[in-house]
Amino acid sequence: MRDHSVSVDTSQSPTGLTFAPNFNVAVSFIDRHLDEGRADKTVIRNTTGEEVTFGTLATMVNKAGNALVNLGLNKGDRVLMMIKDAPEFYYVFFGAIKAGFVPVALNTLLRAKDYTFMIDDSACGAVIYSSEFAEEVEPALANVKTKPAHAYCTDSGDTTFNSLIEAGSDQLPPADATAKDDCFWLYSSGSTGTPKGTVHSHQDMVVTSQHYGVDTLGVTEDDVCFSAAKLFFAYGLGNGMTFPLWVGATAVLFPGRPMPDNTFDTIEKFKPTLYFGVPTLYAAQLQALESRTVDFSSVRWCVSAGEALPADVFNRWKIKTGLTILDGIGSTEALHIFISNRDGKVKAGTSGLMVPGYEAKIIDENDKEVPVGESGRLFIKGGSTAKYYWNNPEKTATTMVDGWLSTGDTYILDEEGYFVYCGRDDDMLKVGGIWCSPFEIEAKLIEHPKVLEAAIVGRADDQDLIKPEAFIVLNEGEEPSDELKNELLTHCKDGLARYKYPRWFNFEQELPKTATGKIQRFKLRS
Ligand code: 3UK
């Protein structure tokens, strides 16, 4: 086999990673483990009971790659995946890459019309889906403008994709590629507009696994990673697949919908050393911990991303479980976390310090860098950022500028190098001419013992001036009332600047959220 290696040495290049001229990333993540003697080690523990070794993984990746080759796909063809967190996700994803196709992992919580858009937008050669999602994928396939040449359910129908995998040869030479070639896509939702196919290259998963996974989080071969965030999400793709694969560790996969009880059961039974969640799940888990105890003794670190982790959740989790949650910010475009808290360097209520291998700048409206302590728009640079958006040169041009990626987030850098999140550019409010962060008000509200979740949006008052409006989800057993509104206002007055007080309180059963748990404030604004 030709050399597909990557060497890790910070003295060799600025980012410390040097790729062989011919580099297909499937070799580094899958085949390398056979040479390193891990063939019999367990790489995947599915909560269904299924276990997969590195040896079986390498074989199944070859077979899945051959199954796609046998369909007659052309090099570079997109393979859309609506696949649950299970071993076949790994097989199809890396099988496609090894064979020279481009897997596109789609959010499995989407609806038929979203899939119709993505099938047409990607002009894909094949669609592979788990039977759990057939109800949305099949109507989508019936409605597309141009039918993909191939669509298979993994596990039901006359010919299943699993049976094609079984029939595939277990020998597959890696397709020629370079570290910078297109490798896989993820769709980035964004708060407005249609989803954008975000194109990543072969090197990107290596960069995130090394610089965040190893250098920042300290993942080792002995770790057991459990991500409540799903593999289709860039966050979950790293946590639950590429980090364990990079170091030769083990992943625990849970195919269902993560809820406090099933994630707790998984932690107790599979004893992960690293647990990855999102803030809303941590908050719901804290509530569930009121009536249940959980054995967290296996866990070294909890990790949070996707939205800012309120200091209050961080503190209560620490008190309740004794564990530190490491908050970090990442994005689909950057592939994983580029600013993060870490061992010995944790500041609650911040996103942490720069991850090695990445640079950041915070700029004002005139593109000038702002001084320490002042807020501005965050741009980042690093070896894992997306190459471009598919079929969207305008968005590519406004988001990816001279090698810098516009994150769309407003940040402050403090004197100690910690980055403090102030909200999305598009969610920020100007109240009385002053920038006002919805996140700060929400963080204050959820400190209140009766509040489970809160969202703040701007609403025009009778003078057409924007003021903060609160949407509140109460803890179970709490009743909305005018008295409670006053109680919450009094709570806000204790610590918030006057202009930040919410002028209206609405009690809701739930908040509109993206599949990845981010509050959709734009839905509350409309
Ligand atoms: C927001 C955060 C404050 C922020 C992601 C880790 O979330 C991920 O990717 P998305 O493309 O969203 C990106 C946007 O989400 N955000 C994410 N994490 C934080 N805001 N604190 C945080 N810790 O607005 C960012 O621009 O869905 C997270 C790894 C990979 C990811 N794709």
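Source: prediction; values computed, not measured.

1. Remarks on the domain arrangement of the protein chain
- As assigned here, the protein chain comprises domain 1 (6–38 + 53–202), domain 2 (224–424) and domain 3 (428–525).
- Computed from C-alpha atoms alone, the centre-to-centre distance between domain 2 and domain 3 is 23 Å.
- Both sides together, the interface formed by domain 2 and domain 3 hides about 1400 Å², and carbon and sulfur atoms give 60% of it.
- At the boundary of domain 2 and domain 3, one finds zero salt bridges.
- The interface formed by domain 2 and domain 3 contains two residue pairs in polar contact (both at pLDDT 80 or more).
- Of all the secondary-structure elements, those providing two or more residues to the side of domain 2 that touches domain 3 are α10 (279–288), α11 (311–321) and β23 (419–424).
- If one sorts the elements of the side of domain 2 that touches domain 3 by residue count, β23 sits on top with four residues.
- When its residues are assigned to classes, the side of domain 2 that touches domain 3 shows ten nonpolar, five polar and four charged.

2. Side note on the packing of helix α9 (residues 260–270) against α10
- It is the contact of α9 with α10, at a shortest axis distance of 9 Å, that shows an interaxial angle of 85 degrees. If you check the angle between α9 and α10, you find them roughly perpendicular. Here Pro-260, Thr-263 and Phe-264 of α9 come into contact with α10, specifically with Leu-281, Ala-284, Gln-285 and Ala-288.

3. A closer look at the pairing of strand β26 (residues 451–460)
- Of all ten residues in β26, eight are buried; the element is thus mostly enclosed.
- Pairing of β26 with strand β27 (residues 466–474) involves nine bridges; the strand directions are antiparallel. The residue of β27 that forms the bridge with Val-451 is Leu-474.

4. Description of the site of the ligand
- Close contacts around the ligand come from 23 residues, with Gly-306, Asp-327, Gly-328, Thr-332 and Asp-409 the closest.
- Backbone polar atom of Ala-308 to a nitrogen atom of the ligand: 3.2 Å apart, as the coordinates give it.
- In this structure, an oxygen atom belonging to the ligand sits 3.1 Å away from a side-chain N or O atom of Lys-518.
- Relative to its free-state accessible area of 610 Å², the ligand is covered by the protein chains to the extent of 94%.
- Where the shell around the ligand is concerned, the elements lending two or more residues are α8 (234–247), β15 (325–330), β22 (404–413) and β23.
- The biggest single contributor to the shell around the ligand is β15, with four residues.
- Along the lines of polarity and charge, the residues of the shell around the ligand split into ten nonpolar, eight polar and five charged.

5. A few points about the nonpolar core
- In this structure, Tyr-90, Phe-93, Phe-94, Met-205, Leu-245 and Leu-445 are the most contacted members of the largest nonpolar core, which totals 139 residues.
- Once residues lying within four places of it in the same chain are set aside, the contact partners of Met-205 are Val-25, Phe-29, Phe-93, Phe-94, Ile-97, Cys-183, Phe-184, Leu-237, Thr-242 and Leu-335.
- In terms of nonpolar packing, the next biggest core, distinct from the first, is built from 23 residues, Leu-110, Ala-112, Cys-124 and Ala-134 among them.

6. Structural notes on the layout of surface pockets
- In this structure, the second largest pocket encloses a volume near 250 Å³.
- Around the second largest pocket sit 13 residues that line it, and Ala-311, Phe-439, Glu-440, Ala-443 and Lys-444 are the ones nearest its centre.
- Taken together, the residues of the lining of the second largest pocket break down into six nonpolar, three polar and four charged.
- Counting contributing residues, the lining of the second largest pocket receives three or more from each of domain 2 (224–424) and domain 3 (428–525).

7. Considering the sheet that holds strand β11 (residues 224–227)
- The mixed open sheet is built from nine strands, whose spatial order is β4-β3-β12-β11-β13-β14-β15-β16-β17. The two strands at the open ends of the sheet, each matched to only one other strand, are β4 (51–53) and β17 (353–354).
- Across three bridges, the pairing between β11 and strand β13 (residues 274–277) is parallel. By the bridge assignment, Cys-225 is partnered in β13 with Leu-274.

8. Brief notes about the environment of Asp-482
- Structurally, Asp-482 can be placed in helix α14 (residues 482–493).
- We classify Asp-482 as exposed; its relative accessible area is 58%.
- Residues Asp-482 and Ser-28, spaced 454 residues apart in sequence, show a C-alpha to C-alpha distance of 60 Å.

9. Overview of the packing of aromatic side chains
- By the definition in use, this model includes 21 aromatic pairs.
- Judged by centre distance (6.2 Å) and plane angle (65 degrees), the ring pair of Trp-185 and Tyr-187 falls under edge-to-face.
- For Tyr-187, a relative accessible area of 13% gives the class buried.
- Ring centres of Tyr-275 and Tyr-282 lie 5.8 Å apart, and the angle between their planes is 80 degrees; on these two criteria the pair is classed as edge-to-face. Summarising the burial analysis for this pair, Tyr-275 and Tyr-282 share the class buried.
- In this structure, Arg-32 packs its charged tip against the face of Trp-246, placed 5.0 Å from the ring centre.
- Of note, Lys-196 hangs over the ring of Tyr-389, and the distance from its end group to the ring centre comes to 5.2 Å.

What counts, and where the lines are drawn
- Residues numbered from 1 in each chain as written.
- Predicted model: local features only at pLDDT ≥ 70, side-chain atom pairs only at ≥ 80, totals over all residues.
- Heavy atoms only, no water.
- Domains from an automatic or database assignment.
- Buried area = accessible area lost by both parts, 1.4 Å probe.
- Salt bridge = Lys/Arg side-chain N within 4 Å of Asp/Glu carboxyl O.
- Polar contact = N/O pair within 3.5 Å; in protein donor to acceptor, adjacent residues only side chain to side chain.
- Helix = DSSP H or I, 4+ residues; strand = E, 2+ residues; numbered from the N terminus.
- Nonpolar A, V, L, I, M, F, W, Y, C, P; charged D, E, K, R; others polar.
- Axes fitted to C-alpha atoms, helices over the stretch in contact; angles between N-to-C directions.
- Parallel < 35°, antiparallel > 145°, perpendicular 65-115°, else oblique.
- Contact = heavy atoms within 4.5 Å.
- Buried < 20%, exposed > 50% of the residue type's maximum accessible area, 1.4 Å probe, protein only.
- Pairing = 2+ DSSP bridges.
- Near = heavy atom within 4 Å.
- Areas by Shrake-Rupley, 256 points an atom, 1.4 Å probe, with all protein chains shown as cover.
- Core = buried A, V, L, I, M, F, W, Y, C linked by side-chain atoms within 4.5 Å.
- 1 Å grid on protein atoms, 1.4 Å probe; cavity = no way out; pocket = protein on both sides within 12 Å on 5 of 7 lines; lining within 4 Å.
- Points joined across faces, edges and corners; volume = space filled by probe spheres on them.
- Phe/Tyr/Trp six-rings, centres within 6.5 Å; stacked < 30°, edge-to-face > 60°.
- Lys NZ or Arg CZ within 6 Å of the ring centre and 35° of its normal.

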